[in-house]
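# Analysis of the macromolecular model
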Amino acid sequence: MTILDRYLTREILKYFALVLALVVGVYLAVDFFEKIDNFMEAGVPLSRAGIYFIHKIPFIISQIIPVGVLLSVLICFGVMTKNNEIIALKSSGISVYSLLKPTLSIGLIFTILLFFLQEIVVPATISRADAIWIQEVRKEHAVLTREQNIWIREKQAIIHIKHYNPSEQKLYAITLNYFGDQFSLIRRIDAEEGIFEDGQLRLFRILEQTLDKENDVYQVKHHDELTVAVELNPNDLKTVAKKSSEMGFRELLTYIRKIESEGYSAGVYRVDLQAKIAFPFVCMIMSIAGLGISLRGNLKEGMPVGTAYGVGMAFLYWVFNSFCTSLGYGDMLPSVIAVWLANLVFLCVGLIALINAE
């Protein structure tokens, strides 16, 4: 590694640390003041609230790393451009592509780091944070088993849902058990599918068993369709359904194969699976784009303009990537195209900016 490479690496990492500390601090402050009332109303000690926010830090860092890489590169080379250091390097025969080596190396390092965070650290910490929020703050009674089955207890009933598709709000393999005063089973409903409609649960292809108290036997009926009143709603099920962010790559892949083998749709999870691969590479793309933009001839104002360009580019990437991902969730685009399209487009933008800078 040359002296120039070491200098650039040190400067970029310095600015990255400043950006990361600033953004994480602001994010935690906003999240703290937004949720502290909920913790106090639920009677949760401040120590548990502190543990909740600490467990959220890895997730916050994983979301900020690509933006941090972009901003640190823009600020570093923006300051060098303002101080005429770039002109001095070019006059010494050093090309823009020579500056790309340390920048791209940093992008690669953060790509590996981000994949490690998403695969190992974030699933463990975010699940613990969600558990504190759901069980101790919101005091939800729903429980998620290792087999991904959802159990929900209501006043006189226990509901079991084998699989829930959050994007379509569809339930599969539903069982509703209704109990009497002595906790005796007085009614059981088994349905293949169900959807939420007008505050009620609409079931399809049903087997209903009702206890005849006089004869002490169960009467069996079959229905093509039946509507029942329940207290739960789609938001409750979204809370208990395990999120993709709480699963590593292997766990998510295993879960996809499992639910597809049972005949359920896994389109949303396949998009999230591709995102676990594609998102870390944003660090390398942003490092290339940041270098190309910061070395444009008209960017001599330094840090303010560099920061503005970085925030604008990060926002455009977020909007475009969210739009493409939504198309993937809606099965309007294949999962691979939906997730990787934003990366491809912004890689082209970065390369064009780099070529123009040279």
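Note on numbering: residues in each chain are counted from 1, in written sequence order. Confidence filtering applies because this is a predicted model: local features only for residues at pLDDT of at least 70, side-chain atom pairs given and counted only at 80 or more, and all residues used for totals across whole chains, interfaces and linings. Note: side-chain values were computed over all heavy atoms of the structure, leaving out hydrogens and water.

### Notes on the overall build of the protein
Helix and strand definitions here come from DSSP, where helices need a minimum of 4 consecutive H or I residues and strands a minimum of 2 consecutive E residues; each element is numbered from the N-terminal end. Per the secondary structure count, the protein includes 10 helices and 7 strands. Relative to the compact-globule value of 21 Å for 358 residues, the protein shows a C-alpha radius of gyration of 26 Å, a clear excess of over 25%. The C-alpha extent of the protein, read off along each of the three principal axes, is 100 × 45 × 35 Å. When each of the 358 residues of the protein is scored for burial, the buried share is 46%. The contact criterion used is simple: two residues touch if any of their non-hydrogen atoms lie within 4.5 Å. Here the analysis covers contacts within the protein between residues at least 6 apart in sequence; of these, 62% occur between residues at least 24 apart. A total accessible area of about 18,700 Å² is found for the protein, and carbon and sulfur atoms account for 61% of it. C-alpha atoms define the radius of gyration, and 2.2 Å times the number of residues to the power 0.38 defines the globule rule. A simple rule labels every residue: compare its accessible area, found with a 1.4 Å probe on the protein chains alone, to the largest value its type can have, and call it buried under 20%, exposed over 50%, or partly exposed in between. Only the protein chains shown count as cover for residues, and all accessible areas are computed by the Shrake-Rupley method using a 1.4 Å probe.

### Notes on the nonpolar core
Here the nonpolar core consists of buried residues drawn from Ala, Val, Leu, Ile, Met, Phe, Trp, Tyr and Cys, with membership extended through side-chain atoms lying within 4.5 Å. Counting 49 residues, the largest nonpolar core has I65, F77, L99, L291 and L295 as its most contacted members. If you list the elements that add at least two residues to this core, you get α1 (3-41), α2 (46-82), α3 (85-91), α4 (96-137), α8 (282-294), α9 (303-329) and α10 (335-357). The element that contributes the greatest number of residues to this core is α2, accounting for 12 residues. Every residue in contact with L295, bar those within four places of it in the chain, is listed here: F77, T81, I86, V96, L99 and A357. Membership of the second largest hydrophobic core comes to 20 residues, among which are I159, L171, I174 and L201.

### Describing the environment of E231
For E231, the position within the fold is in the loop between β7 (217-228) and α5 (234-240). When the C-alpha positions of E231 and I61 are compared, they lie 37 Å apart, and in sequence the two are 170 residues distant.

### As for α2
Helix span, as expected, comes to 1.5 Å for every residue beyond the first. Relative to the 54 Å expected for 37 residues at 1.5 Å per residue, α2 spans just 47 Å between its end C-alpha atoms, considerably shorter than the ideal helical length. Across the chain, bend at a residue is computed as the angle between axes fitted to the seven residues ending at that point and the seven starting from it. The largest bend along α2 measures about 45° and falls at I64, with the proline P66 one to four residues further on.

### Looking at the environment of P280
With respect to the helices and strands, P280 occurs in the loop between α7 (267-278) and α8. Under the relative-accessibility criterion, P280 is labelled buried at 1%. Linking P280 and S62, residues 218 residues apart in sequence, is a C-alpha distance of 8.8 Å. Discounting residues that sit within four places of it in the chain, P280 has contacts with T111, L114, F115, Q118 and A275.

### A word on unusual backbone geometry
Despite not being glycine, R205 has its phi angle at roughly 55°, a positive value. When you line up the elements, R205 lands in strand β6 (residues 200-212). Since its relative accessible area comes to 40%, R205 is described here as partly exposed. A positive phi is found at D331, a non-glycine position, where the angle reads about 60°. Note on placement: D331 falls in the loop between α9 and α10.

### A word on the pattern of salt bridges
Between Lys or Arg on one side and Asp or Glu on the other, a salt bridge is scored when a side-chain nitrogen of the former is within 4 Å of a carboxyl oxygen of the latter. Counting across every chain of the model gives 11 salt bridges. For K14, the salt bridge is made with E11, and the minimal N-O distance between the two is 3.2 Å. Pair noted here: K14 and E11 are both in helix α1, with a separation of 3 residues, about one helical turn. Take K14: its relative accessible area is 40%, and that puts it in the partly exposed class. Judged by relative accessible area, E11 falls into the buried class, the value being 12%. Residue K56 is joined to D31 by a salt bridge in which the shortest nitrogen-to-oxygen separation is 3.1 Å.

### Here's the deal with a nonpolar patch on the surface
Within the patch definition used here, like charges are joined within 9 Å and nonpolar side chains (Val, Leu, Ile, Met, Phe, Trp, Tyr) within 5 Å, considering only residues with over 30% relative accessible area and no salt bridge. A cluster of nonpolar side chains, L22, V23, V26 and V30, forms an exposed patch at the surface whose accessible area comes to about 340 Å². Mapping L22 onto the fold places it in helix α1.

### Regarding the packing of aromatic side chains
Each aromatic ring pair is summarised here by two numbers: the centre-to-centre distance and the angle between the ring planes. Here a pair means two rings of Phe, Tyr or Trp (six-membered ring of Trp) with centres within 6.5 Å. Their orientation is stacked below 30 degrees between planes, edge-to-face above 60, and tilted elsewhere. Counted under the stated rule, the structure contains 11 aromatic pairs. Centroid distance F16 to F110: 4.2 Å. Interplanar angle 40°. Geometry classified as tilted. Pair noted here: F16 is in helix α1 and F110 is in helix α4, with a separation of 94 residues, a long-range link. Summarising the burial analysis for this pair, F16 and F110 share the class buried. On the basis of an interplanar angle of 35° and a centroid distance of 6.2 Å, the ring pair of F315 and W318 is categorised as tilted. Of this pair, F315 and W318 both sit in helix α9, 3 residues apart, which is roughly one turn of that helix. Residue classification places W318 among the exposed positions, given a relative accessible area of 55%. Three or more aromatic residues joined by ring pairs make a cluster, and in this case those are F32, F33, F39, Y52, F53 and W133. Placement of a charge over a ring requires the Lys NZ or Arg CZ to be within 6 Å of the ring centre, with the centre-to-atom vector within 35 degrees of the ring normal. Above the plane of the ring of Y15 lies K14, whose end atom (NZ or CZ) is 5.1 Å from the centre. A cation over an aromatic ring shows up here: K35 above the ring of W133, its NZ or CZ 5.0 Å from the ring centre.

### Structural notes on the confidence of the model for the protein
Scored from 0 to 100, pLDDT reflects the predictor's confidence in each residue. With 90% of its residues at a pLDDT of at least 70, the protein reaches an overall mean of 83. Of all secondary-structure elements in the protein, the lowest mean pLDDT belongs to strand β1 (residues 143-144), at 48, while α1 reaches the highest, 90. In this model residues 143-147 is a low-confidence stretch, pLDDT under 50, and it forms 9 contacts with partners more than four residues away in sequence or in other chains.

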